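Residue-level listing of the chains:
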Amino acid sequence: MKFFIIDDDPDAMALVSLLLTAAGHEVTVRVSSAGAIAEIAEARPDCVITDVMMPVMDGFELTRELRRNPDLAAMKILILSAKSYDFDRRRAKEMGADGYITKPINRESFLKSVNEFISNRIVLQYWGVHGTLPAPGPAYTRYGGNTPCVSVEIGGEPLYIFDCGSGIKKLSDHVMAGAAQRFSGRIFISHTHWDHINTVPFFAPLYLRGNQIDIHGPYQGDLTIERAISAQMESVYFPVTVREFGARLVFRDLREERLEFGPVRIDTMLLRHPGYCLGYKLSCRGRNICYITDNELYLPTDPRHDARYVQRLADFVRGTDVLITDTTYRDHEYPTKVDWGHSCVSQVADLAARAEVKRLHLFHHDPDQTDRDIDAKLEETRAELTRLGSKVVCEAPAEGGQLVL
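The model shown is predicted, which means the values in this text are computed figures rather than measured ones. (Residues numbered from 1 in each chain as written. Predicted model: local features only at pLDDT ≥ 70, side-chain atom pairs only at ≥ 80, totals over all residues. Heavy atoms only, no water.)

The next subject is the sheet that holds strand β11 (residues 248-254). Pairing is mixed across the open sheet formed by 7 strands, whose spatial order is β11-β10-β9-β8-β7-β6-β19. Looking along the sheet, the strands with just one partner apiece sit at the ends: β11 and β19 (402-404). With direction set aside, neighbouring strand axes in the sheet form an average angle of 15°. Taken together, the 3 bridges between strand β6 (residues 122-128) and β19 define a ladder with antiparallel strand orientation. Looking across to β19, one finds that valine 123 is bridged to valine 404. (Pairing = 2+ DSSP bridges. Helix = DSSP H or I, 4+ residues; strand = E, 2+ residues; numbered from the N terminus. Axes fitted to C-alpha atoms, helices over the stretch in contact; angles between N-to-C directions.)

A separate point is the side chain of serine 119. When you line up the elements, serine 119 lands in the loop between α5 (107-118) and β6. Of the polar contacts made by the side chain of serine 119, one reaches the backbone nitrogen of arginine 121; its length is 3.1 Å. Look past the residues within four positions of serine 119 in its chain and what remains in contact with it is Gly155 and Arg285. (Polar contact = N/O pair within 3.5 Å; in protein donor to acceptor, adjacent residues only side chain to side chain. Contact = heavy atoms within 4.5 Å.)

What follows concerns empty space enclosed by the protein. Under the counting rule described, the total for this entry stands at 2 cavities of 30 Å³ or more. Taken as a whole, the largest cavity holds about 40 Å³ of empty space. Along its surface, the largest cavity is lined by Arg272, Glu296, Leu297, Tyr298, Arg304, His305, Asp306, Tyr309 and Val310. Quantified by volume, the second largest cavity comes out at close to 30 Å³. Taken together, Leu297, Tyr298, His305, Val310, Gln347 and Asp350 make up the lining of the second largest cavity. Looking at the lining of the second largest cavity, its residues break down into 3 nonpolar, 2 polar and 1 charged. (1 Å grid on protein atoms, 1.4 Å probe; cavity = no way out; pocket = protein on both sides within 12 Å on 5 of 7 lines; lining within 4 Å. Points joined across faces, edges and corners; volume = space filled by probe spheres on them. Nonpolar A, V, L, I, M, F, W, Y, C, P; charged D, E, K, R; others polar.)

Taken as a whole and judged by the stated rule, the model has 13 aromatic pairs. Taking the centre distance of 5.8 Å and the plane angle of 50° together, the rings of phenylalanine 162 and tyrosine 280 count as tilted. Placement of phenylalanine 162 in strand β8 (residues 159-162) and of tyrosine 280 in strand β14 (residues 278-284) is noted, with a sequence separation of 118 residues between them. In this structure, phenylalanine 162 and tyrosine 280 share a single accessibility class: buried. Every member of this aromatic cluster is reached through a ring pair, and the members are Tyr126, Tyr160, Phe162, Phe188, Phe261, Tyr280, Tyr291 and Phe363. Seen from the ring of phenylalanine 316, lysine 281 lies directly overhead, with NZ or CZ sitting 5.0 Å from the centre. (Phe/Tyr/Trp six-rings, centres within 6.5 Å; stacked < 30°, edge-to-face > 60°. Buried < 20%, exposed > 50% of the residue type's maximum accessible area, 1.4 Å probe, protein only. Lys NZ or Arg CZ within 6 Å of the ring centre and 35° of its normal.)

Structure below.
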């Protein structure tokens, strides 16, 4: 790739240039921001790396001016600075920077950080795929027994997390084992039933000062998402309260709406489940992922079947790269579980085929379903898709499973 470096610190510039050149990249260096805009417009680099504190024009102003040029829209901009303040990180983002790396430069992690920020890949990872309650034991080792938690990693963006079931403890261990100085995350709660929120207190990044975590979730009439999370941690239920959290924590109540986070868009839709439950569609860089759990699709013969709702849901997930959806029951199990708020194989397959999604991921398995039961459910779903003449790729992801888009 072609890099353009602007830094009035000759030692930092020399080290960055050395590391990038050794990795096979082409590097142009400049010790002043004066005249840099015209040179960058002519050179058309893949990525600009700029210091903040420079005479003539600082890194924020330079970033803002470069972002005003539509011909450079695809170019990545990374801020490299000794200033580690949250304000400066947020300001860099507001000006249009794709990433922020602090000095002194760590030789071992610098290239990895650069690659994460400039990469266009999206990484979907599963940390818990069962529903209702954790299912431990030898019969649950292949798919795992933890309850819902899914993460989406996008280069240069906070980590996107969907639900805080018991699987978030594994995600917590993964984050804490990393080398990142600070953690930023955006959590989206589908609804406030316990299997989707009760492991919030075990997400260790919440306790560390300097971390930034936003928790979004559905507004339950007079119950805010903040109150729902806080109430389950009151002393009669749990020994640690939200007052012990050290991270900067922001709560936001959601309804059916659209949220914009720079290159990431989140759309929400109300689902058929007891209480106020939201499905989410994450869209970024021409790809999208739909997280639809918990949700009941009644059989067409049931008077509660709502064809208008099914069509609306199909339109919401249409053509998505990945549909992660509640497939709690096999068809022979569903008749005794009607009105419990979950779906069965035939209706999930019909939804995926109707919406022409690219991948269907079966999710939120009943706690009584062992690995063998999930294998059977997967085969039944694939057979139903074949019967419908659909080309949808159907999978049942396991804990730790990862898909790179």
